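# A closer look at the structure
Residues per chain, in single letters:
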Amino acid sequence: MDRVFKSKIGWWYHLLIIVLAVLCVISVLHQNVAAIVTSLVASALTLHVFFNTYYVITADGMLLLRCGFFPKKEIAIADIEALQPSILPVFSYSLSLDRIVIWKEGKMWMLISPQNEKEFVKLLKKINPDIQIKSNEGLL
């Protein structure tokens, strides 16, 4: 059976949503059509990513990553070499800076931030016991 893990949501993403909401209100109050359209489109895209960023561990041993309208990423769990906690502030399929780096072929493959981190890692290691934990801080 497939398991779905939603992304953690960082304070900065909540702040972004609040700022966009304020911009929408200001645009409407100033009756600026271009600003209204721009702020509504930005808000819609931000909310789409907010509600559609998650990770799926499939019954057949795949890890699927979804992040809004960005392309779906997938990796065979057997190909994951290591996991490592990180706070790198680079683009990733994550809505929090409390992240896990997935290592594949000796390189960082992706940064993710599952809500139930310990259970997520436990499930990955159940499928691939050879996954190394580069640092135990916050992980199993």
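Residues numbered from 1 in each chain as written. Predicted model: local features only at pLDDT ≥ 70, side-chain atom pairs only at ≥ 80, totals over all residues. Heavy atoms only, no water.

## Regarding the nonpolar core
- With 24 residues, the main nonpolar core has Leu63, Ile80, Leu83, Ile112, Phe120 and Leu124 as its most contacted residues.
- Elements with a minimum of two residues in this core: helix 2 (33-51), strand 2 (53-57), strand 3 (62-67), strand 6 (99-104), strand 7 (107-112) and helix 3 (117-127).
- Residues in contact with Leu63, not counting those within four places in the same chain, are Tyr55, Val56, Ile57, Lys73, Glu74, Ile75, Ile77, Ile80, Ile102 and Phe120. (Core = buried A, V, L, I, M, F, W, Y, C linked by side-chain atoms within 4.5 Å. Buried < 20%, exposed > 50% of the residue type's maximum accessible area, 1.4 Å probe, protein only. Helix = DSSP H or I, 4+ residues; strand = E, 2+ residues; numbered from the N terminus. Contact = heavy atoms within 4.5 Å.)

## Examining the UniProt feature "domain: Uncharacterized protein YyaB-like PH" (unreviewed entry) in the protein
- In the numbering used here, UniProt assigns the feature "domain: Uncharacterized protein YyaB-like PH" (unreviewed entry) to residues 53-128.
- Within the segment residues 53-128, helix and strand shares are 14% and 42% respectively, and the terminal C-alpha atoms sit 24 Å apart. (UniProt positions renumbered as here; feature names shortened; annotations may be inferred.)

## Examining the UniProt feature "transmembrane region" (unreviewed entry) in the protein
- Annotation from UniProt places "transmembrane region" (unreviewed entry) at residues 12-29 and 35-57.
- Along residues 12-29 one finds 100% helix and 0% strand; the C-alpha atoms at either end are 26 Å apart.
- Here residues 35-57 runs as 74% helix and 22% strand, with 41 Å between its end C-alpha atoms.

## Concerning the side chain of Ser92
- The topology assignment puts Ser92 in the loop between strand 5 (82-86) and strand 6.
- Relative accessible area serves as the criterion here: at 5%, Ser92 is assigned to the buried category.
- Here Arg99 takes part through its side chain, which lies 3.4 Å from a polar atom of the side chain of Ser92.
- A polar atom in the side chain of Ser92 sits 3.4 Å from the backbone oxygen of Leu111.
- What Ser92 contacts, discounting residues up to four positions off in sequence, is Cys67, Arg99, Met110 and Leu111. (Polar contact = N/O pair within 3.5 Å; in protein donor to acceptor, adjacent residues only side chain to side chain.)

## Side note on the sheet that holds strand 5
- Strand order in this open sheet of 4 strands is 7-6-5-8, and the pairing throughout is mixed. The sheet is open, and its two borders are formed by strand 7 and strand 8 (132-133), each paired with just one other strand.
- Bridging between strand 5 and strand 8 involves 2 bridges; their strand directions are parallel. Paired with Ala82 across the strands is Gln132, a residue of strand 8.
- Packed on one face of the sheet, helix 3 meets strand 5, strand 6, strand 7 and strand 8 and runs near 15° to strand 6. (Pairing = 2+ DSSP bridges. Axes fitted to C-alpha atoms, helices over the stretch in contact; angles between N-to-C directions.)

## Here's the deal with the environment of Leu123
- Considering the arrangement of structural elements, one finds Leu123 in helix 3.
- Along the chain, Leu123 and Arg3 lie 120 residues apart, while their C-alpha atoms are 9.2 Å from each other.

## Looking at the sheet that holds strand 3
- If you walk across this open sheet you meet the 4 strands as 1-2-3-4, and the pairing is antiparallel. Sheet topology places strand 1 (3-6) and strand 4 (73-76) at the edges, where each strand pairs with a single neighbour. The average undirected angle you get between the axes of adjacent strands in this sheet is 15°.
- For strand 1 and strand 2, the ladder comprises 4 bridges, and the chain directions are antiparallel. In the strand pairing of strand 2, Val4 is matched with Val56.
- The strands touched by helix 2 within the sheet are strand 1, strand 2 and strand 3, with strand 2 carrying the most contacts at an inclination of about 25°.

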